[in-house]
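# Architecture at a glance
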Amino acid sequence: MNNFLITLKMEFRGIFNLGKDPTQKAWGLFALNLIFSAIIYVVMVGGIYFVCKMILQGNIPMNYEYLAAATFISMVVQFVSATQQLVKVLYFDTDNELLIRFPLEGIELFLAKSVFVYINTLIISIVFTLPFYVFYGIFNDMGGFFYINSVTTAFMISFIPFFLASLISVPFMHLNNIIRNKFGLKLTLIILLIVIGFSLYMMLLRGVLEYYQTQEANMLFSEKTLMMLKTVAKGLVPASLFANVLYGEMIWQSILMIALLIAVLGLASMYLGARSYYPVLLKSIEKGREAFHKKTKNKPRSIFGTILYTELIAIFRSFNYSFQYLAMAIAAPVMVFFCNNLAVAVGDSSVGGAIIPGLTILVILIFDTIIVSFASTTISRTGENFYFTKIIPVSYRMQLLIKMVLYMIVAGGSNLISCLSTWIIFGGEKYGNYIGIIDVLGIFGISFFVIISLTAIAILSDMKSPTFETNSDGDLVQANKNVTGTMVLGIILSVLFGIFAMLFTYIPMGAWKAGINGVYIVLNTLSFVMAVVMVLVLFLNAEKRYEKIVP
């Protein structure tokens with residue numbers, strides 16, 4: 001029991017990242033994360049309010065169906081979160097290799113980590129589910145007992161997605177161990193999930209904004225959709241059982257079925273976890289040490305080409321690296337399309353079309369920031385191999401230039417596809433011919449120079465303060481503070497450029513009414529100057545800075 005409590009305490013201490021004796025800086029970062037999370041939560045609750053209002057104040061009575069659908073959505077969110085956390089905490093936690101060497105039984109380790117994940121699931125259940133129930137109570141003038149019942153229901157709901165996630169995690173890890181080193185397949189699946197999730201989110205957001213403009217629920221929830229929801233809601237088991245309890249229908253029968261379901265799922269997950277956790281964990285660790293076996297021919301290349309090829313291969317040395325390098329770059333064109341489509345849909349045709357160039361600049365630069373932020377770990381990622389960068393007969397400037405070129409290829413290629421697809425889709429008469437070849441060249445030029453600037457800033461920040469935090473496999477397991485700094489700077493720059501472009505699309509720039517073409521001239525000039533300055537700052541004293549780095 002003592003081992004269980006100690007392990008559980010270690011898990012909780014790890015999530016706050018404060019350490020045993022936290023510094024003032026650590027507390028400051030913790031406070032910033034807390035504030036950011038609160039802002040996100042307020043925005044989420046606001047979105048829930050609008051959805052509740054559309055359904056509960058429509059022409060068709062949807063009280064029971066609303067409760068069933070809201071409960072089902074909450075359970076899905078909890079299930080996805082619990083599955084992700086269980087897999088990460090049980091199998092991919094970096095302390096697992098150390099813990100299995102301690103006099104700690106597998107069942108104790110499994111229970112401690114599972115309880116930690118369940119508490120997280122319970123918190124998600126309460127903060128995500130309760131807003132749905134509270135707004136239901138407000139719109140229907142429910143009494144105090146309903147709100148007490150809501151809290152109890154939110155607590156009971158958390159068991160089912162957690163136990164289901166626990167049952168899924170073991171087969172998932174078996175599958176992961178099979179395809180663990182198939183980065184191409186895993187990356188493709190993850191990118192598809194990101195694109196699908198973002199697409200669904202943007203379509204929902206478009207419907208909410210259209211409803212907010214028209215105050216008519218038929219934009220998002222038509223009568224046909226609501227009637228379909230009424231039919232589907234009663235079949236959303238086990239969510240419908242919790243809806244019965246809140247709605248006051250078949251209360252005791254539903255409570256009995258809920259208790260029976262929780263007991264069966266709980267016993268099954270405990271049995272499977274107790275028997276399979278340790279073997280699967282050991283197999284996962286062993287799989288992580290497997291090497292690729294591929295015969296390759298030696299091909300003569302130039303020094304530049306050799307190191308560039310080495311950097312390219314390094315992208316695929318782990319799923320973590322390949323994801324951060326390529327996932328957002330591949331998904332960005334799709335996301336740019338949906339953002340532009342949303343801008344056009346919520347405004348009239350002239351305003352929506354005219355805003356496309358500026359919005360495209362804003363969105364592309366934001367995704368450039370996400371892509372290039374990984375350059376903030378350029379030095380740190382080398383880990384134990386950092387000393388090889390000092391002994392090979394290649395100057396540091398050449399090595400840094402090659403790293404920059406790779407980012408320019410990845411992010412620049414993504415930008416080119418985004419610009420061309422925007423031109424093809426939004427360049428017709430339907431959108432006022434606001435996107436043409438001049439716009440493509442102007443936007444691509446701005447984004448490309450910003451890529452150079454942000455990459456130079458990111459590498460420079462990591463050169464000044466590398467972390468070299470690696471696990472036993474050589475992967476960087478925790479992004480350093482430079483990533484956050486680059487992200488903040490890039491987002492600020494993106495917003496300023498985007499607002500400037502959107503604003504001066506309508507407002508003439510000084511005495512000469514250049515419009516968007518003037519915007520391209522100004523922003524290309526500014527971004528070019530930034531790129532030149534940052535490249536000079538990075539390379540002028542690169543040799544001295546590099547020599548001072550000591551892992």
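We now turn to the structure provided with this report. (Residues numbered from 1 in each chain as written. Predicted model: local features only at pLDDT ≥ 70, side-chain atom pairs only at ≥ 80, totals over all residues. Heavy atoms only, no water.)

A few words now on the overall build of the protein chain. Looking only at helices and strands, the protein chain features 21 helices and zero strands. By the burial criterion, 45% of the 551 residues in the protein chain qualify as buried. The long-range fraction of contacts in the protein chain, counting pairs at least 24 apart against all pairs at least 6 apart in sequence, stands at 82%. Of the accessible surface of the protein chain, which amounts to about 28,500 Å², a share of 71% is contributed by carbon and sulfur atoms. (Helix = DSSP H or I, 4+ residues; strand = E, 2+ residues; numbered from the N terminus. Buried < 20%, exposed > 50% of the residue type's maximum accessible area, 1.4 Å probe, protein only. Contact = heavy atoms within 4.5 Å. Areas by Shrake-Rupley, 256 points an atom, 1.4 Å probe, with all protein chains shown as cover.)

Summed over the entire model, instances satisfying the criterion amount to one cavity of 30 Å³ or more. Every residue along the wall of the largest cavity is listed here: Thr360, Cys419, Thr422, Ile435, Asp439, Val440 and Ile443. Sorting the residues of the lining of the largest cavity by element identifies α17 (396-426) and α18 (437-464) as the ones contributing at least two each. A breakdown of the residues in the lining of the largest cavity according to their chemical character gives four nonpolar, two polar and one charged. (1 Å grid on protein atoms, 1.4 Å probe; cavity = no way out; pocket = protein on both sides within 12 Å on 5 of 7 lines; lining within 4 Å. Points joined across faces, edges and corners; volume = space filled by probe spheres on them. Nonpolar A, V, L, I, M, F, W, Y, C, P; charged D, E, K, R; others polar.)

Here we take up the packing of helix α6 (residues 144-157) against helix α10 (residues 239-247). Each pair of packed helices gets described by two things: the angle between the helix axes and the distance between those axes. Where α6 meets α10, the closest approach of the two axes is 10 Å, and the angle between their N-to-C directions is 165°. Judged by the angle between their axes, α6 and α10 are roughly antiparallel. Between α6 and α10 lies a crossing of right-handed hand. Residues Phe146, Asn149, Ser150, Thr153, Met156 and Ile157 of α6 form the contact with α10, whose own contacting residues are Phe242, Val245 and Leu246. Tallied by class, residues from the contact of α6 with α10 come to six nonpolar, three polar and no charged. (Axes fitted to C-alpha atoms, helices over the stretch in contact; angles between N-to-C directions. Parallel < 35°, antiparallel > 145°, perpendicular 65-115°, else oblique. Left-handed = near helix turned anticlockwise from the far one by under 90°.)

Time to look at the packing of aromatic side chains. Under the definition given, this model contains 15 aromatic pairs. Measuring from ring centre to ring centre gives 5.9 Å for Tyr66 and Tyr136, while their planes differ by 5°; the resulting arrangement is stacked. Taken as a pair, Tyr66 in helix α3 (residues 63-91) and Tyr136 in helix α5 (residues 106-139) lie far apart in primary sequence, 70 residues in all. Judged by its relative accessible area of 4%, Tyr136 falls in the buried class. Clustering of aromatic rings is evident, with ring pairs tying together Tyr118, Phe155, Phe159, Phe162 and Phe163. The positively charged end of Arg301 is found above the aromatic ring belonging to Tyr309, 4.0 Å away from the centroid. (Phe/Tyr/Trp six-rings, centres within 6.5 Å; stacked < 30°, edge-to-face > 60°. Lys NZ or Arg CZ within 6 Å of the ring centre and 35° of its normal.)

By the secondary structure assignment, Ile370 is in helix α15 (residues 356-372). It is 8.7 Å that separates the C-alpha atoms of Ile370 and Gln324, two residues lying 46 residues apart in sequence. With residues up to four places along the chain from it excluded, the contact list for Ile370 reads Met328 and Met487.

Further remarks concern a nonpolar patch on the surface. Taken together, the side chains of Leu416, Leu420, Trp423, Ile424, Ile425, Ile437, Ile438 and Leu441 present a nonpolar region at the surface, about 750 Å² in accessible area. At the level of elements, α17 and α18 are the ones that each hand at least two residues to the nonpolar patch. Here the element with the most residues in the nonpolar patch is α17; it accounts for five residues. Its place among the elements puts Leu416 in helix α17. (Patch = residues over 30% accessible without salt bridge, like charges linked within 9 Å, V, L, I, M, F, W, Y side chains within 5 Å. Salt bridge = Lys/Arg side-chain N within 4 Å of Asp/Glu carboxyl O.)

For Ser461, the position within the fold is in helix α18. Taking the C-alpha atoms as reference, Ser461 lies 8.8 Å from Val483; in sequence the two are 22 residues apart. Those residues in contact with Ser461 that lie beyond four places of it in its chain are Ser376, Asn482 and Thr486.

Relative to each other, α3 and α10 sit at 135°, their axes nearing to 8 Å. Considering the angle they form, α3 stands oblique to α10. Judged by the twist between their axes, the crossing of α3 over α10 is right-handed. Side by side, α3 and α10 meet where Asn63, Tyr64, Leu67, Ala68, Thr71, Phe72 and Met75 of the first sit next to Ala239, Ser240, Phe242, Ala243, Asn244, Leu246 and Tyr247 of the second.

If you trace the backbone, Ser373 turns up in the loop between α15 and α16 (386-391). Ignoring anything within four residues of it in the chain, the contact list for Ser373 reads Val483, Thr486 and Met487.

When a protein is soluble and globular, its nonpolar side chains tend to lie buried together. Among the nonpolar cores identified, the biggest contains 72 residues, and Ile361, Leu400, Phe497, Leu538 and Tyr546 are the most heavily contacted of them. Element by element, the count of residues in this core is highest for helix α13 (residues 319-346), at 13 residues. What Tyr546 contacts, discounting residues up to four positions off in sequence, is Ile379, Phe386, Thr389, Lys390, Tyr396, Gln399, Leu400 and Met463. Grouped together as the second largest cluster of nonpolar side chains are 50 residues, Met54, Ala68, Phe162 and Val170 included. (Core = buried A, V, L, I, M, F, W, Y, C linked by side-chain atoms within 4.5 Å.)

We now examine the environment of Cys52. With respect to the helices, strands and loops of the structure, Cys52 is situated in helix α2 (residues 24-56). Separated by 83 residues in sequence, Cys52 and Phe135 place their C-alpha atoms 6.8 Å apart. Contacts of Cys52, omitting those with residues within four sequence positions, involve Gln57, Tyr66, Phe132, Phe135 and Phe139.

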